[in-house]
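Structure at a glance
If you want the building blocks of each chain, they are given just below.
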Amino acid sequence: MPGLSAAMKGRIFEALDATSFRQRGFHVDYDEKNDVLVTITRFTYRFTLNSTDAGFVTGEYPGIASEKAEIMQRSDFESCLRAIREWATRILDREESAILDEFGGVADRDPSLPLK
């Protein structure tokens, strides 16, 4: 199975660069020998892109409908790029929630009390 073209790889970097993390916030690994065309990671989060006869398959952790990994069928490369941007947004939401939880939930704080 052939790997991604240079133009497709460039489009992936553009999609990552359009996220809040920018492309430097991710590790991108292209695999020219196996079924996984690209693996994108940020800490424990993972996005994989595979090619099939019917189009593409993405593996996304966290998933769209759950916190677990999900496998999604994609009809074209453009939908994969949208999925990368949406996946990065889910990661941002999780990381922001973790920061708020770490500080006791800023939204729950009584604004009349001084900051500690």
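For the structure given in this document, a descriptive report is provided here. (Residues numbered from 1 in each chain as written. Predicted model: local features only at pLDDT ≥ 70, side-chain atom pairs only at ≥ 80, totals over all residues. Heavy atoms only, no water.)

1. Here we look at the nonpolar core
Among soluble globular proteins, nonpolar side chains are generally buried collectively. Counting 23 residues, the largest nonpolar core has Leu4, Ile12, Val38, Ile40, Leu49, Phe77 and Ile84 as its most contacted members. Of all the elements, helix 2 (residues 77-102) adds the most residues to this core, at 8 residues. The residues contacting isoleucine 84, other than those within four sequence positions of it, are Ile12, Ala15, Leu16, Ile40 and Phe47. (Core = buried A, V, L, I, M, F, W, Y, C linked by side-chain atoms within 4.5 Å. Buried < 20%, exposed > 50% of the residue type's maximum accessible area, 1.4 Å probe, protein only. Helix = DSSP H or I, 4+ residues; strand = E, 2+ residues; numbered from the N terminus. Contact = heavy atoms within 4.5 Å.)

2. Quick look at the pattern of salt bridges
Under the criterion given, the structure shown has 6 salt bridges. The residue glutamate 14 makes a salt bridge to arginine 11 at a minimum N-O spacing of 3.9 Å. Of the two residues, glutamate 14 and arginine 11 both sit in helix 1 (residues 6-17), 3 residues apart, roughly one turn of that helix. Across the pair glutamate 78 and arginine 11 runs a salt bridge whose closest N-O atoms are separated by 2.8 Å. Taken together, the residues glutamate 78 in helix 2 and arginine 11 in helix 1 connect sequence positions 67 residues apart. Among the ionic contacts, a cluster of salt bridges with common partners joins Arg11, Glu14 and Glu78. (Salt bridge = Lys/Arg side-chain N within 4 Å of Asp/Glu carboxyl O.)

3. Focus on the pairing of strand 3 (residues 45-52)
Successive residues of a regular strand alternate their side chains across the two faces of the sheet. Pairing of strand 2 (residues 36-42) with strand 3, which is carried by 6 bridges, proceeds in the antiparallel orientation. Counterpart to valine 38 in the pairing with strand 3 is leucine 49. The hairpin turn running from strand 2 into strand 3, its antiparallel successor, is 2 residues long, and phenylalanine 43 in that turn takes a positive phi close to 55°. Looking at chain direction, strand 3 and strand 4 (residues 55-61) are connected through 7 bridges and run antiparallel. If you follow threonine 52 over to strand 4, its bridge partner there is glycine 55. The antiparallel pairing of strand 3 with strand 4 creates a hairpin that spans 2 residues between the two strands. (Pairing = 2+ DSSP bridges.)

4. A look at the side chain of threonine 58
As for its position among the elements, threonine 58 is in strand 4. Separated by 3.3 Å, the side chains of threonine 58 and arginine 74 make a polar contact. Residues in contact with threonine 58, not counting those within four places in the same chain, are Phe47, Thr48, Leu49, Glu70, Ile71, Met72, Arg74 and Cys80. (Polar contact = N/O pair within 3.5 Å; in protein donor to acceptor, adjacent residues only side chain to side chain.)

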